[in-house]
Amino acid sequence: QVKLVESGGGLVQAGGSLRLSCTASTSIFTIDAMGWYRQAPGKQRELVALITNADTTNYSDSVKGRFTISRDSAKAAVYLQMNNLKREDTALYYCYLDPGPWYSNDYWGQGTQVTVSS
């Protein structure tokens, strides 16, 4: 029943910035972690960044130093600030939510497209 609403994707030139947002549209009582994955054509879905309820973070090596993940627990929201974007960052970005062991499933957003030109 949890729905994740994503926004912030779009077309940007190399070197530019975007900020992705994801918010749970329904009530949820526990969250172990939220994050972002991405999938480019012909490639498997990969982790971009993750933040836990203890505020520990994990980044893909390819985005370290360029992307920053943050959260707002009161809003059940997660954000991804993407700076110095590269053509290799072009992908469909999916929001991810792990509600913890009392739930049977993790949850995924529908995806928001990020396209980096030039």
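Scroll up to find the structure this text is about.
What you see is a predicted model; the values in this text were computed from it and never measured. (Residues numbered from 1 in each chain as written. Predicted model: local features only at pLDDT ≥ 70, side-chain atom pairs only at ≥ 80, totals over all residues. Heavy atoms only, no water.)

What to know about unusual backbone geometry
Then, in step 1: Backbone geometry at Ala-76 places phi at a positive 50 degrees, although glycine is not the residue there.
Then, in step 2: Considering the arrangement of structural elements, one finds Ala-76 in the loop between β7 (67-72) and β8 (77-82).
Then, in step 3: Classification of Ala-76 as buried rests on a relative accessible area of 11%.
Then, in step 4: Here the phi dihedral of Ser-118 falls at roughly 70 degrees; this positive angle occurs in a residue that is not glycine. (Helix = DSSP H or I, 4+ residues; strand = E, 2+ residues; numbered from the N terminus. Buried < 20%, exposed > 50% of the residue type's maximum accessible area, 1.4 Å probe, protein only.)

Notes on the environment of Asn-83
Then, in step 1: Turning to its location among the elements, Asn-83 is positioned in the loop between β8 and β9 (91-98).
Then, in step 2: On the accessibility criterion, Asn-83 (32% relative accessible area) is partly exposed.
Then, in step 3: Separated by 35 residues in the primary sequence, Asn-83 and Ser-118 have C-alpha atoms spaced 15 Å apart.
Then, in step 4: In this structure Asn-83 touches Gly-16, Ser-17, Arg-66 and Phe-67, once residues within four positions along its chain are discounted.
Then, in step 5: There is a polar contact of 2.9 Å between the side chain of Asn-83 and the side chain of Ser-17. (Contact = heavy atoms within 4.5 Å. Polar contact = N/O pair within 3.5 Å; in protein donor to acceptor, adjacent residues only side chain to side chain.)

Some words on the pattern of salt bridges
Then, in step 1: Inspection of every chain in the model, using the stated rule, returns five salt bridges.
Then, in step 2: Linking Asp-55 and Arg-71 is a salt bridge whose minimum nitrogen-to-oxygen distance equals 2.7 Å. You can see Asp-55 sitting in the loop between β5 (46-52) and β6 (57-59) and its partner Arg-71 sitting in strand β7, a full 16 residues away along the chain.
Then, in step 3: Exposure remark for Arg-71: the relative accessible area of 31% places this residue in the partly exposed category.
Then, in step 4: The salt bridge involving Arg-66 is made with Asp-89; its shortest N-O contact spans 2.8 Å. (Salt bridge = Lys/Arg side-chain N within 4 Å of Asp/Glu carboxyl O.)

Considering the sheet that holds β8
Then, in step 1: Taking strand neighbours across the sheet as the criterion, the four strands line up as β1-β3-β8-β7 in an open arrangement whose pairing is antiparallel. Sheet topology places β1 (4-7) and β7 at the edges, where each strand pairs with a single neighbour. Each strand of the sheet is rotated relative to its neighbour by a mean of 15 degrees, with strand direction disregarded.
Then, in step 2: Relative to strand β3 (residues 18-24), β1 runs antiparallel, the two being bridged by four bridges. Bridge pairing in β3 links Leu-4 to Ala-24. (Pairing = 2+ DSSP bridges. Axes fitted to C-alpha atoms, helices over the stretch in contact; angles between N-to-C directions.)

Some remarks on the environment of Arg-66
Then, in step 1: The residue Arg-66 is located in the loop between β6 and β7 in this model.
Then, in step 2: If near-sequence neighbours (up to four positions away) are discounted, Arg-66 is found in contact with Gln-81, Met-82, Asn-83, Asn-84, Leu-85, Lys-86 and Asp-89.
Then, in step 3: Among the polar contacts made by the side chain of Arg-66, one reaches the main-chain carbonyl oxygen of Asn-84 at a distance of 3.0 Å.

Here we look at the state of the cysteines
Then, in step 1: Enumeration over the complete set of coordinates arrives at one disulfide.
Then, in step 2: Here Cys-22 connects covalently by a disulfide to Cys-95, the sulfurs 2.0 Å from one another. Judged by the sign of its S-S torsion, about -90 degrees, the cystine formed by Cys-22 and Cys-95 is left-handed. Placement of the pair is Cys-22 in strand β3 and Cys-95 in strand β9, with a sequence separation of 73 residues. (Disulfide = S-S within 2.5 Å.)

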